[in-house]
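Observations on the model geometry
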Amino acid sequence: MKDTKLELIVGVFVLVGIAALTYMAVKLGKLEVIGGDQVEIRAEFDSVAGLKSGATVEIAGVQVGQVTAIGLNGERALVSFTVTPGVMLYEDAIASIKTRGLIGDKYVSLSPGGALDALPPGGKIRETESGIDFEKAISEFIHGNVK
Amino acid sequence: MRRRQTALWAVILVGGMVGGALLGAAATAWAGLPTEAIRTTIDAVIRIVDDPALKKPDRKEERRKLLEDLIGQRFNYAEMAKRSLGAEWAKRSPEEQKEFTANFQSLMVKTYIGRIEAYAGEKVLYLKELNDGEYAETYTHVDNGKSVIDINYRLRKVSEDWRVYDVVVEGTSLVQNYREQFKRILQKDSFAELSKQLREKSANIKSPIPE
């Protein structure tokens, strides 16, 4: 009888441990287990060099979502990301790829717009900025132009 | 023998003509309408700035007027002003919107006309075009012999005419640039103050007519 009680406590303890580990893995891995209430938006860029899946999506420096997938559409990059419900985006929203600091991580910065109609869930942001290619600028500066 | 030779030449000639026509058609299909619209305007602008008769000092005012009219036909200043103002646009009355558009147009013209007049034989290359219903983007390179600058024109069809609503230079958008600045001013001050600053700014920009 005493053994059963001890085994039960150990069992519960192990279960709690596994739950804690799972929670940690999901949080650290930035996985979305229940992503149902997130709004998905897409945007096409000329180049997303350096942007990774899981990168943050920000409005005015505040995180409002994250990049879920990066793929190709023809020769342009198609980026899918989620946005917290309640964040309003419009047809004239602008999505820009920005760098944190000079050589930091890349993230997506959104300018919500508001002069045109609201962007429906699953909609595509038409206006995008790929940003300045620092490597290209630096290499042109160091090695000089061909001409 | 001679007859056969003639027949051969005829085949080559007809083949060449058909091939040429096909190539021509393909080129037209590639160019598309938005790129054609941009090309027509840029070609006309270059014709004016390159015209020796219009370079004479007494005709420079006339030349500036011609350029402003020509560019105004292709650029949709109202749409640019609206997009640059963003959410604030919907809160303003039609009169305020009209006045804001006029101020914005004046600022655009004063900022850029001098650079256009300073044209010195730069080559414009039309690279590609994205077309998505009533929206399109034309990719161009401007080559001044020393460096190549990427300039993309974003266009929207307005009553069957393609009009520019944003210009993306080296990956940075003109509308986004002004939107950020207007947002900063509006966070601190009122719309009236923004209008005032815009008016003062465009009045203070000196765009002397280059020699």
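Residues numbered from 1 in each chain as written. Chains lettered and ligands numbered in written order. Predicted model: local features only at pLDDT ≥ 70, side-chain atom pairs only at ≥ 80, totals over all residues.

Another point: the overall build of chain A. Along the backbone of chain A there are 2 helices and 8 strands. Its helices and strands in sequence order give chain A the pattern α-β-β-β-β-β-β-β-β-α, from N to C terminus. Taken against the 2.2 N^0.38 rule, which gives 15 Å for 147 residues, the C-alpha radius of gyration of chain A at 22 Å runs more than 25% over that of a compact globule. Overall size of chain A, expressed as C-alpha extent along the three principal axes, is 90 × 45 × 30 Å. (Helix = DSSP H or I, 4+ residues; strand = E, 2+ residues; numbered from the N terminus. Rg over C-alpha atoms; globule rule 2.2 N^0.38 Å.)

Whether parallel or antiparallel, the strands of a sheet pair through hydrogen bonds between backbone atoms. Residue and element names in this part refer to chain A. Spatial ordering of the open sheet is given by 7-1-4-3-2-6-5-8, a layout of 8 strands whose pairing is mixed. This sheet does not close on itself; its edge strands, each paired only once, are strand 7 (124-125) and strand 8 (127-129). Sheet analysis places strand 5 (residues 94-99) next to strand 6 (residues 106-111), joined by 6 bridges and oriented antiparallel. The partner of K98 across the bridge, within strand 6, is Y107. (Pairing = 2+ DSSP bridges.)

Below, the discussion takes up the interface of chain A and chain B. Accessible area lost on assembly of the parts is the figure often given for the size of an interface. Taken together, the 15 residues of chain A in the interface contact 19 residues of chain B. Elements that contribute at least two residues to the side of chain A that touches chain B include exactly strand 5 and strand 8 of chain A. Residue composition of the side of chain A that touches chain B, by class: 3 nonpolar, 7 polar and 5 charged. (Contact = placed C-beta atoms within 7 Å. Nonpolar A, V, L, I, M, F, W, Y, C, P; charged D, E, K, R; others polar.)

Residue and element names in this part refer to chain B. Summarising the sheet, strand 2 (residues 135-143) and strand 3 (residues 148-158) pair through 9 bridges and their orientation is antiparallel. Across the sheet, residue D143 finds its bridge partner in strand 3, namely V148. Connecting the antiparallel pair strand 2 and strand 3 is a turn made up of 4 residues, with G145 showing a positive phi of about 95°. Where strand 3 meets strand 4 (residues 161-169), 8 bridges bridge the pair, whose relative direction is antiparallel. Bridge pairing in strand 4 links K157 to W162. Taking the residues that link successive antiparallel strands as the turn, the strand 3-strand 4 hairpin has 2 residues, and the phi of S159 there is positive, at about 40°.

A separate point is the pairing of strand 6 of chain A. Two faces make up the sheet, and in a regular strand the side chains alternate between them. All names here are of chain A. Sheet topology places strand 2 (residues 56-59) next to strand 6; 2 bridges connect them, and they run parallel. Counted as the bridge partner of E58 is S109 from strand 6. Following strand 5, the chain reverses through 6 residues before pairing antiparallel with strand 6; G101 in that reversal takes a positive phi of roughly 70°.

A word on the packing of helix 2 (residues 60-74) of chain B against helix 5 (residues 94-117) of chain B. Residue and element names in this part refer to chain B. At their nearest, the axes of helix 2 and helix 5 sit 11 Å apart, and the two run at 115° to each other. As helix 2 packs across helix 5, the resulting crossing turns out to be right-handed. The segment helix 2 lies against helix 5, with R64, L67 and E68 engaging V109, I113 and I116. Taken together, the residues of the contact of helix 2 with helix 5 sort by class into 4 nonpolar, no polar and 2 charged. (Axes fitted to C-alpha atoms, helices over the stretch in contact; angles between N-to-C directions. Left-handed = near helix turned anticlockwise from the far one by under 90°.)

On to unusual backbone geometry. Residues and elements named next belong to chain B. A positive phi angle is found at E160, which is not glycine, with a value near 65°. For E160, the position within the fold is in the loop between strand 3 and strand 4. On the basis of neighbour counts, which here come to 6 C-beta atoms within 10 Å, the residue E160 falls in the exposed class. The backbone of E170 shows a phi angle near 50°, a positive value even though the residue is not glycine. As for its position among the elements, E170 is in the loop between strand 4 and strand 5 (172-173). (Buried ≥ 20, exposed ≤ 12 C-beta atoms within 10 Å, placed from the backbone.)

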